[in-house]
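# Chain and residue survey
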Amino acid sequence: MVKGRRLLSWAGILLLGGAASFYGIQAQGEKEPLKAAETGRPDLIKIDTLAAYQKLELPPVTFLHDKHTEALRKDKKDCTTCHLVEDGKLSLAFKRRKNTQAAALKEIYHANCIGCHTERAAAGKKAGPPEGLCRACHNAQPQIAAARLDAGLNQVSHFRHTNAKLIPADQKGKDNCSRCHHEYDPKAKKTFYAQGKEGTCRYCHLAKEKQGVKSLKQAAHLQCVLCHLDLDKRGVKDNGPYDCAGCHGAAAQARDARKNQEWVAALPNKEVPRLKRGQPDAVLITHDPQWGEGSPGKPFLMDPVAFDHRAHEKYNDNCRVCHHASMEACEKCHTLMGAKDGGLINFEQAMHSLSSRASCQGCHTGQQAAANCAGCHNYISKSSRPEDASCRQCHLLSAETAIPGGASSSQICALKPPQKTALAETLLKARNLNPGTYALEDLPETVEIKYLANRFQPSQFTHRKQIAALLKGIKGNTLAEYFHRDPGTICQGCHHYSPPAKEPPRCSNCHSGESLQARESNRPALLAALHRQCLNCHADMRLKKPAATACSECHQEKKK
Amino acid sequence: MLRRTFLGLLGAAGVGAALGKPARAAGQQHFTGYPESCGVLFDATRCIGCRSCEAGCNKVNELPPPPEPFNDLSVFKMKRRTHSWTYTVVNRYDLPGAPGPVFKKWQCNHCLEPACADSCFVRAYTKTSQGAVIWDGTVCVGCRYCMIACPFDIPTFEFNEPLTPRIMKCTLCYPLITSGKLTVPGCVGACPVEALVYGKRRDLLQIAHERFHAFPGRYLNHIYGEREMGGTNWLYLSGVPFRALGMREDLGVVPAPELTSGALAAVPLVAVTWPVLLTGIYAISRRKDKIARQETAQAVARAVAQTQAEAEGKLKSAMTKAEVEKKAAIEREVKKALEEAAKPQTREGE
Amino acid sequence: MAAENSAVRKSLFTPFNVVVGVIFLVGAAITFLRFAKGLGAVTNLSDNNPWGLWIAFDLLCGVALAAGGYTTSAACYVFGLKRYHSAVRPAILTAFLGYSLVVVALLYDVGRPWRLPYPFFVQSGTTSVLFEVGLCVMLYLNTLFVEWLPACFEWLGFQKPRDFIVKITLALTILGVILSTMHQSSLGALYLIVPSKVHPLWYSMYLPFFFFVSSIAAGLSMVIFEGTLSHHYLHGRMDATYIREHDDVILGFAKGAAMVLALYFMIKAVGIAIDNKWSYLLTGYGAWFLVELLGFVALPALLYAIAVREQNLKLAKWTSVLTVLGIILNRFNTSLVAFNWQLPPADRYFPSWMEIAISVYLITLGLLVFRFIATRMPIFYEDPRYRQHVPHEGEEEERPEFTEHKLRQHPQGFGH
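Summary of the structure given here. What you see is a predicted model, and the numbers here were worked out from it, not measured in a lab.

Cut-off values and rules
Residues numbered from 1 in each chain as written. Chains lettered and ligands numbered in written order. Predicted model: local features only at pLDDT ≥ 70, side-chain atom pairs only at ≥ 80, totals over all residues. Heavy atoms only, no water. Helix = DSSP H or I, 4+ residues; strand = E, 2+ residues; numbered from the N terminus. Rg over C-alpha atoms; globule rule 2.2 N^0.38 Å. Buried < 20%, exposed > 50% of the residue type's maximum accessible area, 1.4 Å probe, protein only. Contact = heavy atoms within 4.5 Å. Areas by Shrake-Rupley, 256 points an atom, 1.4 Å probe, with all protein chains shown as cover. Lys, Arg positive; Asp, Glu negative; His and termini not counted. Charge placed at Lys NZ, Arg CZ, Asp CG, Glu CD. Buried area = accessible area lost by both parts, 1.4 Å probe. Salt bridge = Lys/Arg side-chain N within 4 Å of Asp/Glu carboxyl O. Polar contact = N/O pair within 3.5 Å; in protein donor to acceptor, adjacent residues only side chain to side chain. Nonpolar A, V, L, I, M, F, W, Y, C, P; charged D, E, K, R; others polar. 1 Å grid on protein atoms, 1.4 Å probe; cavity = no way out; pocket = protein on both sides within 12 Å on 5 of 7 lines; lining within 4 Å. Points joined across faces, edges and corners; volume = space filled by probe spheres on them. Phe/Tyr/Trp six-rings, centres within 6.5 Å; stacked < 30°, edge-to-face > 60°. Lys NZ or Arg CZ within 6 Å of the ring centre and 35° of its normal. Expected span 1.5 Å × (residues − 1). Patch = residues over 30% accessible without salt bridge, like charges linked within 9 Å, V, L, I, M, F, W, Y side chains within 5 Å. Pairing = 2+ DSSP bridges. Axes fitted to C-alpha atoms, helices over the stretch in contact; angles between N-to-C directions. Parallel < 35°, antiparallel > 145°, perpendicular 65-115°, else oblique. Left-handed = near helix turned anticlockwise from the far one by under 90°. Core = buried A, V, L, I, M, F, W, Y, C linked by side-chain atoms within 4.5 Å.

## What about the overall build of chain B?
Tallying secondary structure elements over chain B gives 8 helices and 9 strands in all. Rg of the C-alpha trace for chain B: 46 Å, well past the compact-globule value of 20 Å for 350 residues, more than 25% over. The principal-axis extent of the C-alpha atoms belonging to chain B is close to 170 × 60 × 45 Å. Within the span of chain B, comprising 350 residues, buried residues form 43% of the whole. Across chain B, contacts joining residues at least 24 apart in sequence account for 59% of those joining residues at least 6 apart. For chain B, the accessible area works out to roughly 19,200 Å², and carbon and sulfur atoms hold 60% of it. Measuring between centres, the 44 positive side-chain charges of chain B sit 5 Å from its 33 negative side-chain charges.

## Quick look at the overall build of chain A
Of regular secondary structure, chain A possesses 20 helices and 12 strands. Over its C-alpha trace chain A gives a radius of gyration of 33 Å, far above what one expects of a compact globule, namely 24 Å for 560 residues. Dimensions of chain A, computed from the C-alpha atoms along their principal axes, are close to 90 × 90 × 55 Å. Buried positions account for 25% of the 560 residues belonging to chain A. Excluding contacts between residues fewer than 6 apart, the proportion of contacts in chain A whose partners are at least 24 apart in sequence is 52%. Taken as a whole, chain A presents about 38,000 Å² of accessible surface, with 56% of it coming from carbon and sulfur. The averaged location of the 56 negative side-chain charges in chain A is 5 Å from the averaged location of its 80 positive side-chain charges.

## Quick look at the interface of chain B and chain A
Taken together, the contact pairs 25 residues of chain B with 22 residues of chain A. Carbon and sulfur atoms make up 60% of the surface buried where chain B meets chain A, a total of about 1,900 Å² over both sides. By the criterion of area lost to chain A, the three top residues of chain B are Pro192, Glu194 and Phe215 of chain B, representing 25% of everything that side buries. At the boundary of chain B with chain A, the tally comes to 0 salt bridges.

## What about the interface of chain B and chain C?
Contacts between the two partners involve 60 residues from chain B and, on the opposite side, 62 residues from chain C. Both faces combined, the contact of chain B with chain C buries some 5,300 Å², and carbon together with sulfur accounts for 61% of it. The interface formed by chain B and chain C includes 2 salt bridges. In this structure, Lys197 of chain C and Asp153 of chain B form a salt bridge, with 2.8 Å as the shortest nitrogen-oxygen distance. Remark: the boundary between chain B and chain C carries 33 residue pairs in polar contact (both at pLDDT 80 or more). At the level of secondary structure, the elements contributing two or more residues to the side of chain B that touches chain C comprise helix H3 (115-119), helix H4 (145-149), strand S6 (156-157) and helix H8 (256-348) of chain B. Among the elements that line the side of chain B that touches chain C, the one with the most residues is H8 of chain B, at 20 residues. Grouping the constituent residues of the side of chain B that touches chain C by class yields 35 nonpolar, 13 polar and 12 charged.

## Concerning the layout of surface pockets
Taken as a whole, the second largest pocket holds about 1,600 Å³ of empty space. If you go around the second largest pocket, you meet 49 residues; those closest to its centre are Tyr379, Ala539 and Asp540 of chain A together with Pro99 and Gly100 of chain B. Listed by contribution, the elements that provide at least two residues to the lining of the second largest pocket are helix H11 (360-367), helix H12 (371-377) and helix H20 (526-540) of chain A together with strand S3 (102-106) of chain B. The biggest single contributor to the lining of the second largest pocket is H20 of chain A, with 6 residues.

## Thoughts on the pattern of salt bridges
All names here are of chain A. Scanning the entire structure with this criterion turns up 33 salt bridges over all chains. Put simply, Glu313 and Arg274 hold a salt bridge, and the shortest N to O gap is 2.8 Å. Residue Glu313 is found in helix H9 (residues 309-315), and its partner Arg274 is found in the loop between helix H8 (250-265) and strand S9 (283-285); the two are separated by 39 residues along the sequence. Several salt bridges converge on common partners, so that one network encompasses Arg274, Asp281, Arg310 and Glu313.

## A short note on the packing of aromatic side chains
Aromatic ring pairs are described here by two measures, namely the spacing of the ring centres and the angle between the planes. One pass over the full model with this rule turns up 34 aromatic pairs over all chains. Relative to Phe159 of chain B, the ring of Phe157 of chain B lies with its centre 5.0 Å away and its plane at 70°, an arrangement referred to as edge-to-face. Comparing Phe157 of chain B with Phe159 of chain B shows no difference in burial state: the two are buried. Aromatic pair Tyr206 of chain C and Phe210 of chain C: ring centres 6.4 Å apart, planes at 70°, arrangement edge-to-face. In this structure Phe210 of chain C comes out as buried when scored by relative accessible area, which is 4%. Every member of this aromatic cluster is reached through a ring pair, and the members are Phe42, Trp106, Phe152, Tyr224, Tyr236 and Phe242 of chain B. A cation over a ring is seen here: Lys79 of chain B above Tyr93 of chain B, with NZ or CZ 4.9 Å from the ring centre. Of note, Lys104 of chain B hangs over the ring of Trp106 of chain B, and the distance from its end group to the ring centre comes to 4.4 Å.

## Things to note about helix H10 (residues 169-189) of chain C
Here H10 of chain C is 21 residues long and its end C-alpha atoms lie 30 Å apart, about the 30 Å a rise of 1.5 Å per residue gives. Burial of H10 of chain C is extensive: 19 of the 21 residues sit out of reach of the surface.

## Here we look at a nonpolar patch on the surface
Residues and elements named next belong to chain C. On the surface, a cluster of nonpolar side chains totalling about 610 Å² of accessible area is made up of Leu12, Phe13, Val18, Val22, Val26 and Trp353. Top element by residues in the nonpolar patch is helix H2 (residues 15-37). It accounts for 3 residues. The class of Val26 is partly exposed, set by a relative accessible area of 31%.

## A short note on the pairing of strand S1 (residues 38-43) of chain B
Residue and element names in this part refer to chain B. Of all 6 residues in S1, 6 are buried, a share of seventy percent or more. Both faces of S1 are covered, namely the face carrying Cys38, Val40 and Phe42 and the face carrying Gly39, Leu41 and Asp43. Direction of pairing for S1 relative to strand S8 (residues 196-200): antiparallel, over a ladder of 5 bridges. Across the sheet, the residue bridging to Gly39 is Gly199, located in S8. Sheet topology note: the S1/strand S9 (residues 234-237) ladder contains 4 bridges and is parallel. The residue of S9 that forms the bridge with Val40 is Trp234.

## As for the packing of helix H11 (residues 207-233) of chain C against helix H12 (residues 240-274) of chain C
Residue and element names in this part refer to chain C. Packing of H11 against H12 brings their axes to within 9 Å, and their N-to-C directions diverge by 155°. With respect to H12, the element H11 is oriented roughly antiparallel. Once H11 is placed against H12, the crossing between them reads as left-handed. Looking at the contact of H11 with H12 residue by residue, the class counts come to 20 nonpolar, 8 polar and 1 charged.

## Some remarks on unusual backbone geometry
The linkage connecting Lys545 of chain A with the following residue, Pro546 of chain A, adopts the cis geometry, with an omega of -5°. Tracing the backbone through its elements, the reader meets Pro546 of chain A in the segment after H20. The backbone of Leu452 of chain A sits at a positive phi, close to 50°, despite the residue not being glycine. Not every positive phi belongs to a glycine, and Asn276 of chain C is a case in point at roughly 55°. In this structure, Asn276 of chain C sits in the loop between H12 and helix H13 (284-310).

## Side note on the nonpolar core
Of all hydrophobic cores here, the largest spans 208 residues; its most connected members are Tyr145, Phe152, Leu196 and Trp234 of chain B together with Trp148 and Tyr191 of chain C. Every residue in contact with Phe152 of chain B, bar those within four places of it in the chain, is listed here: Trp106, Asn109, Cys111, Tyr224, Met229, Thr232 and Leu251 of chain B. Formed by 13 residues, the second largest nonpolar core is a distinct cluster that contains Leu205, Ala208, Ala214 and Ile223 of chain B.

Treat this as a map of the structure, not an account of what it does.
Here is the structure:
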């Protein structure tokens, strides 16, 4: 074999191998062992500003904000070290007021970051990576991940702010709402306080900056953090957090929750007083008179709903749950036919949609998923139309009988607001709120279920005990108590698909014993009906005992 | 051939063509199942993992008793598959974040276009119009290609039977139902919570959709088996992703026969093309050899002729040369002789 | 007499005989066990792994490596490459024995071996690729048998039947190529039905092509390999023609194999590219695939080409071993390694020692029968009685001056 040929072939093989490894195998850096505390930090910011301009040459920078503020604080330096002041307001961007060109941006970051590091290192202080160690900052696989919890106000913390003496009231009155709540005048390009129109920041400050309106992140930081910092500068002790971990860290949030609890426990009624925004106690929900009379001869008919606004304020942490886009009445955007403002969701859907937490029925249905309720409610089909009696729980009285002497719904909806409110209050007061059920003594204590007793003995079902348990589950829950007022309602969990009655029909009336062939889509045969009725309830109510496969706990096996 | 014969053949061909059925393009066919075929709908949100179905199947099919009794739930520690003594198994899946364990019953899925039936070279499998895919033991050779072919790994083989090993798999209780002994398969009849429902496949699909509608959020909006591998008669509903239940989601919707029909279609093509191709190659190579031989012969003949001509020419020149030399020699000799003759005369004259 | 007997007895217990004897005894014992207790007692087959070593090696490799029969006879008779004529009979014999052993192995592997004829005579599953494999193998085995018969008839002295078969050699060869194309590719097509079980790097819609093309390379390499072994052990049976043509056969087949292997490499690359499976190459299975493709396909192609260029017989012979191993590796990979790749390691298959023993036993059986036939029948030599009588079909009757006919008519046709 000619020597040259052999060399050539080996060279070829090596070349192929080299090419394969060059493209295939990635260099692996040494991994430092992770410190437990460092696995998730709330102050981790990924700086990838240039990604909006071009494809990044290096991975985004992993920047730890709190680490830097801590270091600066030790040197008695403040935010203005990195954040420029613009018109008396701090710019949230780094060393600039706005983004210009890519090259300029890169220079700003490199010069300032590395410059500061170099200075500190020269002064002998602990500093970040110097010039040349690009990947120390542009780390493709940082060992630390961002672990930022969403932060915000809840009812308690909001009240702590409104109640705080540190936030002084404005000149006009006793309330300090104007310190945070504002509206914006686009013509004058200024914010101003509009009393009675306070709402959540999120109505205008959205997730992303839009047409000059700051994003929620920017607004919140500017509003909250700067105020807290200001207080801190003044030497106030209980000044609220201003570093990332203070709001977004899990430890801080847990501490805050505990503090809120202690604070509430110290209040006179042990509950937060009602938010003051001049909201009504009761609302009569009717259709909007501006929708007109409908087609001639076919007026709109909607039995009004008396809504207990005051009670519902207690059930939710904030107003946003229902007033999800604005504080106005729902029918402003959710019109009869649906409008663009309302996302084309019409009035009926807005009130009844099962999939939205903001709709009445949606929220109520969501509550049914709780363990106490799920045993019955998980198996009530959502595709069939609810019964009239269920509608009547909210649409209390037909329009004709609402006002003595009768009135049509169009007359009712044309009433003035004070009249409507009065009518709503009347209707609400007239409701019977006592949960009704049949007297337990009238109901059988045990029921012997003898059906299909082949392999097993008949089951002795502790009927009264189960009903008592269900009643106990409702107790204290206003929603459940309200909707289970009528006697026989709670029985419908098991005695279903028949009118409520003290002596409901037998299971075998509808569930046949033979033929497990599929006939009616969801009506099981008797064996499955009996088993699923009990077993499903146990499973969904998270009962560990009796286990579904522990047959003898419900019925003894027949000895052969 | 004679004109008559030709016309006769033409006529016969025409008649033959007219009698045939209309041709349909093979690629566009899509088998949607026999209209009355029945199947089973399994609902994983209902199954409680009691193994009554396994017990029921074992009983109606008179299978050998298993090592552990059917109410022994510790078998769930391991994931099991079907074996020659069990047509169906229930497996338990504990998923992170789920409120409780989820169970899955696994058995032959009775595909609309079964891979086992397609792959069997003695047609031991039949897809019945009732829906079941059944195995015929009177012709099975025991080659086990069906076990290779099944994408769900269902058919099992009696490896410990030396001379009469059988393929064992769920029969959808076909013999029992058609003979009237049962109205529903043994497993379906045994389930206490109706996690299994037996009926016409199209009804089952409808029921499944009704369940999706009635209980939104409870089910994944997918019926496993509706289209997988071309569709199966055993349909599955679940509230968790099917792959979390050990069911393959990457099988695609192409039925198994379509995977091999292309390769098989090439066979008659080869059988017809190769003879022509190879005979052609042979003819060409033979012709090449013949031409080569002829050219060689011609070259040889030319060479021979050339040599001959050269030789003749040489001979001729040699001959003429010899002639000339001969003449010259004769002349020389004559001259010599004359000289010789002249010599003694002079001697005598002295 | 006694001394003679003991001498005879001594000569029976040669090392070779002893080893073969042990293999046969073990084989017989395992055969008995297989038919007394079933496959489960003898193999590691299970419901998850129904096909094991006997299918992977004895069926798939056996058929692939017996491809020398059709490639050699096609080269000689269809493509007219007469200089390979002396290699045809050994190749046919190898192929015939190879296919016979495939059938014998099936008798072990299949659940009810006496039903093997059922697909052809009782009920045919024509939708099955396996049916096509079985039919073609059966027909081809018969074709090979007929192609082998002239050697047998020459030994037995049946001239007329021998002459008749020799007359239809071309037809038999063409039939052999057709049947081989079909069943070699169908063995690959067997796995088309399970894309979910074969690793994406080995599964391709081109599997039939892969198996067919690689079978050509396998056949050519096996002829070289078998020729090398025969040359070493059966040299005494070879005639001058065979010995003279031997080197040419090796180099010529090496050239063909180089090109076929290069083609195979390229179609494998196309198979990866067309389904965009490049990313799989960077996995563990990918590394193994590259070992198979680069070390056992690309490398032998290169080495064969070098051997032909340099007229290096030794290199060609060693490369044939490499190629044969590569084919075995490919069949094993497709049916055992890449098959069921998604199963957890505990459920994977490895052959039991008894399966390996039976495969060894079958190979030994084949070698013995090969030796028996080659030492008695005109395989490596031409029986002089038959040389003049009937020329091969297609040959001209004329006797051109520049052939070696005169040389062939040596009174002692064989021996050296």
